[in-house]
Amino acid sequence: MISCVFRICILIFLLNGQIVLAAINNDEVAKISRNKYIDNLTVNNDNEINLEKSVKNSWFLNVPLLPIVVATSESIPEGSCKKQLHLYLSHLNNGTLWATEMFDSSAKYPYGILEGLTQHLGIFDQCLRIDTKVQNSDNYPEFEEIRGRYCLVDIEYHEKDESVNLTEYIDIWFDPHGSAWESIKEKGDDRRYIRYRLQMALCTPAICSPDDLVQALNEPLEKFAEKYNLQLNISINKKLCHSTLETPKLSYQFFLFCFIVLFMITLVAICSIYDYKNQNEKNQSLREEIFHCFSARRNLKSIFSANYRHRGFDALHILKFAFSTIASTGHRHIQFLHASNVTGKFFESTLTSAWFTMIFHNGSIIVDAFFGFAGLVLSYQLLEYLEHSSKNVNIPLLIIRRFIRMAPLYMFITYAYAAFFYHLGSGPYWEERFGFDRDSCSTYWWTNLLFISNYYNNRNTCIFQAWHLAVDFHCYIIGIFLLLAFQKMSRKNGYTFLSIVLMLSIAIPFYVTYKHDIDTQIKGFGKTKRFEDYRYFTDYYIKTHMRLPAYFVGIIMGALVYDHKFAKWRLSKVWSQILFLLQVVVLSLLIQDLAIFFIDPNVKPSLFLKSLYASFHRPIFSFSMCSVVLLFTIGDGLDFQYNFMTPTWVQPLSKLSYAYFLTHYIFHSYDVGTARAAFTFSFHNFFRFTVLDGIYTLILSLFLVVLIEKPFTNLGNLIFRGRTAEKPIKESEITKKMD
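These remarks concern the structure in this document. Just so we're clear, the structure is a prediction, and the values are computed from it rather than from any experiment. The residue numbers shown here count from 1 along each chain, following its written sequence. The predicted origin of the model limits local features to residues at a pLDDT of at least 70 and limits the giving and counting of side-chain atom pairs to 80 or more, whereas totals for whole chains, interfaces and linings rest on all residues. By convention in this description, side-chain values take in all heavy atoms of the structure and omit both hydrogens and water.

1. Points about the state of the cysteines
Phase 1 of the analysis: Our working definition of a disulfide is a cysteine sulfur pair at a distance within 2.5 Å. For the structure on display, the rule yields four disulfides.
Phase 2 of the analysis: Two residues, Cys 81 and Cys 208, share a disulfide whose sulfurs are 2.1 Å apart. The sign of the S-S torsion, about 105°, decides the handedness of the disulfide formed by Cys 81 and Cys 208: right-handed. Of this pair, Cys 81 sits in helix H5 (residues 80–93) while Cys 208 is found in the loop between strand E4 (197–205) and helix H8 (210–227), placing the two residues 127 residues apart along the sequence.
Phase 3 of the analysis: When a residue's accessible area, from a 1.4 Å probe over protein chains only, is under 20% of the maximum for its type it is buried; when over 50% it is exposed; and in between it is partly exposed. Looking at Cys 81, the relative accessible area reads 7%, which means it is buried.
Phase 4 of the analysis: On the basis of relative accessibility, which here comes to 0%, the residue Cys 208 falls in the buried class.
Phase 5 of the analysis: Sulfur-sulfur distance for the disulfide between Cys 151 and Cys 241 comes to 1.9 Å. Taking the torsion about the sulfur-sulfur bond, which here is approximately 120°, the covalent link between Cys 151 and Cys 241 counts as right-handed. Runs of E in the DSSP output that reach at least two residues are strands. Runs of H or I that reach at least four are helices, and both are numbered from the N terminus.

Here's what the structure looks like:
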């Protein structure tokens, strides 16, 4: 009975495919049997609307089946591909299992377009499992080996001669009695989720290349487009095609990476055992100190210990951890848009419903807080060293030590992308994600090593978020020279000098924005699948010269915090509370929310205002966040805020922030690369993934900090002990932890 029902269902499927095929070849859509009951209906109203004519003009009622179009296409030249496609069609008509599985694995019709579902992924695993031998013909008993090839076909469609009127008010909500085209057109609105680009899964014999499939689709679909006044563009990205015939074997780099990991685990284990057995010994030799650098026992103790050294700097721990979490959440937010978002309207509504949603859509501004914190810490530590040391600062050693602090874990993750991660999964977007990372990291790893990835070949960057490390390294070097010059001047002249440098750095993004009329922040997240495809991201957003103002603000704030050690005055309790509220809370939210005026297409700010916001919003946000450290240092009456921001548990999490920053995107890419179905964008899923990402990333970060980051940082400290300016921030009597 079940078998009978199954065969009837297959027959209905095949009948539908043949009907649509007939519609393409014979150009008689009105005679399609599935619409036959409509053909004879007529709605009698004032205008005598004829539904038969309506059906003929409605392309969305007659979308052809892509697997049938390919199988019957006459555009493919004679050869193995055409032969196997004919076998596929013949066996599909007979209801053979392998052919039915191939047909079943393909996407049939697009649906949910108006809601935002533009990626129809079919059945990835079923397609790749197809592996059979089929008799070529009755007369010639030869066999064809047929395997499945899964491809995502990119279809971009437009109404011919469509007009885009940008003079009228642009909204994301449309008249339900108007044309459906109005909700599909982009109209230059960056808030809109793209609906005129489709990705349809297509399962075919693996012998057919992506070029064969595009050739097979073009001519029939061009006829379809001509009939319904459409403009179609068909393409297939080879990275979105998969076949078991092309699965790469494990390389020697993969085994070398595994060996390195096992070696480091063994080394850490041995050193930890040695440290445990000799923990009470004094007068340790250099060899013993080196062993202790790799001791997991000591490194874990260092991570989970809480030290309160300076009232202002103590608060940085929670800010670093919070902003790392927000950055990870923002990247996950974007991944939802890149992996089959079925609720595009929900995403669009968050851009128009309330001002506070700019916290999500202009969240990239938090990166400038990190630059501000880095400049603040460098300024304080270097000025403190210069005060107590009669020696000249050894600049090369400072730079080398910074390199040793950042490079080991950075290069370990780079090598993992190049040799290891690619072999951990599969999926429709796996090759586009980890295949791209494997190729870029294998070829351009040296740009990461030299910290120039934000300038050189930044469209094929290895570890997309690594541009931040390059900017930080460049700013660190520049900051050293600025502070050395500052220290040699009187304080009045020194602050004037730093203020002039800051204003010059602010003038750079103002000039670039005004000259090139660029955006003030990243917009149109749903338009492309990779950050590197955003011109604003690669040409402006990640450049060091566009990020200098935020760092220089941190340098000035660090100098103010340091110089307050020699001052006797304190800010009153009332003014401390007022300035904390205004500078830290109100100012940070206000500068974020002003971005709504530059996202809404109905607001037409002048180029001067755009340039002004582009040049000032980053240093202002940096100033707002660095004000926490300054106000805790010079202010009174902030005990509640201080105790709230300095819980004991946050310091260990803060010490994992560097590894957290480098690794969080791995989980995002894995989810996108292995996705077999659409994600649903909602605030529930948004925060659910935030929590899961946090747990997974913290576990991996702890492992990598103990295995790689801490050992090499300790080793660097041992090598350069007493030679450079990086000393612990001192504790003063007026900045002790409040009970």
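2. Quick notes on the environment of Arg 197
Phase 1 of the analysis: Its place among the elements puts Arg 197 in strand E4.
Phase 2 of the analysis: With 35 residues separating them along the chain, Arg 197 and Leu 232 place their C-alpha atoms 9.9 Å apart.
Phase 3 of the analysis: Every residue pair with non-hydrogen atoms within 4.5 Å of one another is taken to be in contact. Once residues within four sequence positions are removed from consideration, Arg 197 is found in contact with Thr 118, Ile 155, Glu 156, Tyr 157 and Lys 527.

3. Thoughts on the environment of Gly 312
Phase 1 of the analysis: Along the chain, Gly 312 turns up in the loop between helix H11 (296–304) and helix H12 (316–338).
Phase 2 of the analysis: Residues Gly 312 and Leu 630 lie 318 residues apart in sequence; the distance between their C-alpha atoms is 6.4 Å.
Phase 3 of the analysis: If near-sequence neighbours (up to four positions away) are discounted, Gly 312 is found in contact with Val 629, Phe 632 and Thr 633.

4. Structural notes on the packing of aromatic side chains
Phase 1 of the analysis: Stacked, tilted and edge-to-face are the three classes assigned to paired rings of Phe, Tyr and Trp, where Trp is represented by its six-membered ring and a pair needs centres within 6.5 Å; plane angles under 30 degrees give stacked, over 60 edge-to-face, the rest tilted. Evaluated as defined, the whole model comprises 43 aromatic pairs.
Phase 2 of the analysis: When the ring of Tyr 157 is compared with that of Trp 181, the centres are 6.1 Å apart and the planes differ by 55°; the resulting orientation is tilted. Highlighted residues: Tyr 157 in strand E3 (residues 143–159) and Trp 181 in the loop between E3 and E4, separated in sequence by 24 residues. Grouping residues by exposure puts Tyr 157 and Trp 181 together as buried.
Phase 3 of the analysis: Ring geometry for Trp 430 versus Tyr 670: centroids 5.6 Å apart, planes at 90°, classification edge-to-face.

5. Topic: the nonpolar core
Phase 1 of the analysis: The nonpolar core is taken to be a set of buried Ala, Val, Leu, Ile, Met, Phe, Trp, Tyr and Cys residues, with the residues joined through side-chain atoms within 4.5 Å. With 132 residues, the main nonpolar core has Tyr 417, Phe 537 and Tyr 551 as its most contacted residues.
Phase 2 of the analysis: At 12 residues, the largest contribution of residues to this core is made by helix H15 (residues 367–388).
Phase 3 of the analysis: Residues in contact with Tyr 417, not counting those within four places in the same chain, are Phe 434, Asp 437, Arg 438, Cys 441, Ile 463, Tyr 665 and Ile 666.
Phase 4 of the analysis: Ranked by size, the runner-up nonpolar core spans 59 residues in total, among them Phe 103, Cys 203, Tyr 228 and Cys 241.

6. Remarks on the pattern of salt bridges
Close approach of charged atoms allows side chains of opposite charge to pair.
Phase 1 of the analysis: Throughout this description, the term salt bridge denotes a Lys or Arg side-chain nitrogen within 4 Å of a carboxyl oxygen of Asp or Glu. Scanning the model with the defined rule gives 29 salt bridges in all.
Phase 2 of the analysis: Between Asp 539 and Arg 459 there is a salt bridge, with its nearest N and O atoms 3.4 Å apart. Note that Asp 539 is positioned in helix H20 (residues 535–541) and Arg 459 in the loop between helix H17 (430–449) and helix H18 (467–488), a separation of 80 residues in sequence.

7. Topic: the side chain of Asn 685
Phase 1 of the analysis: With respect to the helices and strands, Asn 685 occurs in helix H28 (residues 683–719).
Phase 2 of the analysis: Apart from the residues lying within four places of it in its own chain, the contact partners of Asn 685 are Phe 336 and Thr 680.

8. Concerning a nonpolar patch on the surface
Phase 1 of the analysis: Two joining distances apply to patches: 9 Å for like charges and 5 Å for nonpolar side chains (Val, Leu, Ile, Met, Phe, Trp, Tyr), and every residue must have over 30% relative accessible area and no salt bridge. Only the protein chains shown count as cover for residues, and the accessible areas themselves come from Shrake-Rupley with a 1.4 Å probe. Where nonpolar side chains cluster on the molecular surface, the patch consists of Ile 359, Val 574, Trp 575, Ile 578, Leu 581, Leu 582, Val 585, Val 586, Leu 589 and Leu 590 and spans about 850 Å² of accessible area.
Phase 2 of the analysis: Here the nonpolar patch takes nine residues from helix H22 (residues 573–593), the largest share from any one element.
Phase 3 of the analysis: When its relative accessible area of 37% is taken as the criterion, Ile 359 is described as partly exposed.

Remember, this is a structural readout, not a statement about activity or role.
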